[in-house]
Amino acid sequence: MRSREVLVETVDLVKHFPVSAGLFKRVRSGVKAVDGVDIKVFKGETLGLVGESGCGKSTLGRLIIKLLKPTRGCIKFDGIDVTKIPDKQFRPYRRRMQIIFQDPYASLNPRLTVSGILGEAFKVHKIVDSRQERRKRIRELLETVGLAAEHADRYPHEFSGGQRQRIGIARALAVNPEFIVADEPISALDVSIRAQILNLMVDLQEKFKLTYLFIAHDLSVIKHISDRVAVMYLGRIVELAEKGELFTKPLHPYTQALLSSVPVPNPELRRDRLLLKGEVPSPLNPPSGCRFHPRCRYAKDVCVKVVPEFREVWGGHYVECHLAPDLH
Amino acid sequence: MGEPLDLLSVKNLRTYFLTKPKPIKAVDDVSFSIRQGETLGLVGESGSGKTMTALSILRLLPNSAKIVNGEIIFNGKDLARVSEAEMREVRGNKISMIFQDPMTSLNPVYNVRFQISEAILAHKKMRRSEVYQRVLELLKLVGIPSPENRLRDFPHEFSGGMRQRIMIAIALACNPQLLIADEPTTALDVTIQAQVLELMKELRAKIGTSILLITHDLGVIAEMCDRVAVMYAGQIVEYADVYSVFKNPTHPYTVGLLRSLPGLNIGLGRKLYSIEGVVPDMVNMPSGCRFHPRCSKVMDRCRTEAPPFYIVEPKHYSRCFLYSDLE
C-alpha cells in the first residue's frame, strides 16, 4: 500500500504569528510557531506528528492544507508548489486535502442538520448536482462512517461525542480527498469510544487509499496508527523515523524523555523515568543553539551555540541533535 | 470489605440529582475503602460518577444533588451525617482535594502566598511569621524553584505544571490524612504529567498521606495505585488490587477497556478491540446490568436483573453474573 511516492512535501516551512503591543499596536515580536520544517508525506502512509501543547503541531497541520498562510517556505502537493496559488484556483486542491478537527463539539455548525453539514461540501465543490443524487451520497457517507441514514435530518447536539466525530470524518470524506490531516481526532473522546474511531480511520484508509497526517499528543495512539513518526519540539521537527525504529531506538534526548514519560498501563512495569527538567520555553523567544538544550541532560557547549542540523543518521532516520547517534 | 486499618470507608453510597420526574442516580450503591498510606484509584469514563463520589465524600455537592443513602466513615465518624461545622473542620484539614484544572481552581486575583496562607489559617492558629515559614516550606516541598521570589506572584504568572504544584501545596497545607486528586494531570502535557506524578509519589513516601486518585487514564492508575475501583454508569463494577485488575480483569467492561488500549495488543494488526455502543445516558439507564447493551458476554438475565458484587478471588470483586456460580 505504501509507496515512496511523495504526496505532500514542505520545504523550510515557517509560520510566525505577530505579537503586537503598545499604544499603536506595533509588531514587537513573533511567536515562532513553526520554524523551518521539512517533511515528506508518502502516498498511502500515516505520518504521525507528536509533540506537547504549544509545539506547533496543529499550526503545521493547518499550514500544510493552507488553512493558514506560511510566513516563508513552500508546500508541494503532488509535486506542485501550492503555496502561491490564489484561493480561487486552489479549490481543486482543497478538494483533495481535508481535515478532521479535535473537538467534535465545536467544529460542527449547530444550526445545520447533518445533511446540511455534508451537503455544504458538495455545494462548495460543485460535486453533486441533483438533489436526489445528493441525498443518496449523504446516505452512503453516513453508512460508511457507521451512522444510519435516518441520522441525516438531525442536528449535532443530538449526537454523542463519538458520533459527532463520525460526522466530522464524513464531512472530510464527502469530497473524496486523498490526504487528510487528523488533528487530535480522538483526544476529546471517552476511552471506550477512542478505539472505535481509530478503527474507523484505519478502515477508511484501506478502503479509500487515504494518506494521513495524524496529529496527537498521545504516544500510544501514534504508535498504534502511524507508519512513520515525526516528533516536534518548539516549532521544529527534532526526530523522524519509521515507527518501529523510533520507539525502539529513539536518538533525540527529547524523544527519549517523551517515551519514558508515558505511563504504561501495566503495574509490573513501574520504572524510573527519565524526567525532564523544567518546562517548554516560550516560542516567542526560543533558546539559542539547539532549542532543547536548557532541558537536555547531555547538553554541551556546542548545543548552546550552534543550531543543529536536521540530518539523516541512517536509512530514513532523521534527527536534529549534535550528539546523536551516540546517545542511544 | 472493611479492614481494621481503614482510614475511609464508603458504604452503599447513593448520590442522586433530585430531578423531576425521576432522580438521576449519579452514584448508585458505591462501596470502597482506603487504608492508611494507601492509594486507591477510581477509574471510569466521563459521567461514570467518579467526581460525584469524591464530592460526596467532602460534601461539596451542587445544590441539586444529595446523598440519599449510605455511610462515609472517616476516623470513626460518618461524614454523611455530621454537622456542617464539623464538616468544615474536615475539609482542607483532614481531607483535601486537588482539582483537574489548576487555572480555574486557583483564585486569579490573589497571589499564591495569600492563597496558601488562607488554607493554613482556616484551620490553624499561627503567627504571621510562622505562616510565612510554612508557606515557604510547602512551596519548597512541591518543587517550586526559588520560592522566596515567587510568593507575590499570581496564578497567571505560573505555567500549568507549576500551578498544579501550587494546588498540591494548598492541599497539603494542613497535612491531610487523605488527599483526593481528581484528574490531577489530565490538563498537563506528558513530560509535565510525569513530573507531577513523581512529585505525588515522593510526597506520599514522605508524608504518608492516603490518596484517592480519580482518573480515566489506565496508565496513570497502573503507575500510582495500590488498589483500583473501576466505575461504570454510577457503579463500581470491579474492585481489586492493581495487579489483579491489570493481569486478570474479570468484568467485561474492564476487560474491554484494557484490550482497547492502543499499544498493548501487539499481533492483532492495525485493528483495535473496541467496546461497541455508547456510554449510557444517566437519565435513561439500561435495565438490569448497566453494561449489558455493550457487553460481549451478555446473557438473558443481564437484561432484567442487576448483578450484585461477586467475589472472584479473595479481595477481588466483580459486578457480573459470569461469576455468580463461584460463590
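A brief structural summary. Quantities reported herein were computed from a predicted structural model and do not represent experimental measurements.

### Remarks on unusual backbone geometry
Residue and element names in this part refer to chain B.
- Following Lys 20, the chain continues to Pro 21 via a peptide bond in cis, the omega torsion being 0 degrees.
- Residue position: Pro 21 is located in the loop between β1 (6–17) and β2 (24–35).
- Residues other than glycine seldom take positive phi values, yet Asn 175 does so here, at roughly 50 degrees.
- Here Ala 233, not a glycine, exhibits a phi torsion of approximately 50 degrees, which is positive.
- With respect to the helices and strands, the residue Ala 233 is situated in the loop between β9 (227–232) and β10 (235–241).

### Focus: the sheet that holds strand β3 (residues 39–43) of chain B
All names here are of chain B.
- The 8 strands lie next to each other as β6-β7-β8-β3-β9-β10-β12-β11, forming an open sheet whose pairing is mixed. Pairing within the sheet leaves two strands with one partner each, and these edge strands are β6 (95–98) and β11 (310–313). Across the sheet, the mean angle separating the axes of adjacent strands is 20 degrees when strand polarity is ignored.
- Here β10 runs beside strand β12 (residues 316–318); their pairing, made up of 2 bridges, is antiparallel. Bridged to Glu 238 within β12 is Ser 318.
- Contacts from helix α1 (residues 50–58) reach β3, β6, β7 (178–182), β8 (210–215) and β9, with the element oriented near 150 degrees to β7.
- Helix α6 (residues 160–172) contacts β6 and β7 of the sheet and is inclined by roughly 170 degrees relative to β6.

### Overview of the packing of α6(B) against helix α7 (residues 190–207) of chain B
All names here are of chain B.
- Closest axis-to-axis distance for the α6/α7 pair is 10 Å, and the angle between their directions is 20 degrees. Relative to α7, the element α6 lies roughly parallel. Taken as a pair, α6 and α7 cross one another with a handedness that is right-handed. Judged by residue contacts, Gly 160, Gly 161, Gln 164, Arg 165, Ile 168 and Leu 172 of α6 engage Ile 192, Gln 195, Val 196, Leu 199 and Leu 203 from α7.
- Of the residues belonging to the contact of α6 with α7, the class tally is 6 nonpolar, 4 polar and 1 charged.

### With respect to the interface of chain A and chain B
- Between chain A and chain B, the contact holds 32 residues from the first and 38 residues from the second.
- Put simply, the parts of the chain that give the side of chain A that touches chain B at least two residues each are α6 (191–208), α7 (219–225) and α9 (253–261) of chain A.
- Looking at the side of chain A that touches chain B, the element that brings in the most residues is α6(A), giving 7 residues.

### Considerations on the packing of helix α4 (residues 112–121) of chain B against helix α5 (residues 128–141) of chain B
Residues and elements named next belong to chain B.
- Put simply, α4 and α5 touch, their axes get as near as 10 Å, and they point 110 degrees apart. Here α4 is positioned roughly perpendicular relative to α5, judged by the angle of their axes. Classified by chirality, the crossing of α5 by α4 is right-handed. From α4, Arg 113, Ile 116, Ser 117, Ile 120 and Leu 121 reach across to α5, where they touch Val 131, Arg 134, Val 135 and Leu 138.
- Here the contact of α4 with α5 is composed, by residue class, of 6 nonpolar, 1 polar and 2 charged.

### What to know about the pairing of strand β1 (residues 6–21) of chain A
Residues and elements named next belong to chain A.
- Looking at chain direction, β1 and strand β3 (residues 40–42) are connected through 3 bridges and run antiparallel. Bridge pairing in β3 links Glu 9 to Lys 40.
- For β1 and strand β5 (residues 72–77), the ladder comprises 5 bridges, and the chain directions are antiparallel. Within β5, the residue paired with Glu 9 across the bridge is Lys 76.

Thresholds applied
Residues numbered from 1 in each chain as written. Chains lettered and ligands numbered in written order. Predicted model: local features only at pLDDT ≥ 70, side-chain atom pairs only at ≥ 80, totals over all residues. Helix = DSSP H or I, 4+ residues; strand = E, 2+ residues; numbered from the N terminus. Pairing = 2+ DSSP bridges. Axes fitted to C-alpha atoms, helices over the stretch in contact; angles between N-to-C directions. Contact = placed C-beta atoms within 7 Å. Parallel < 35°, antiparallel > 145°, perpendicular 65-115°, else oblique. Left-handed = near helix turned anticlockwise from the far one by under 90°. Nonpolar A, V, L, I, M, F, W, Y, C, P; charged D, E, K, R; others polar.

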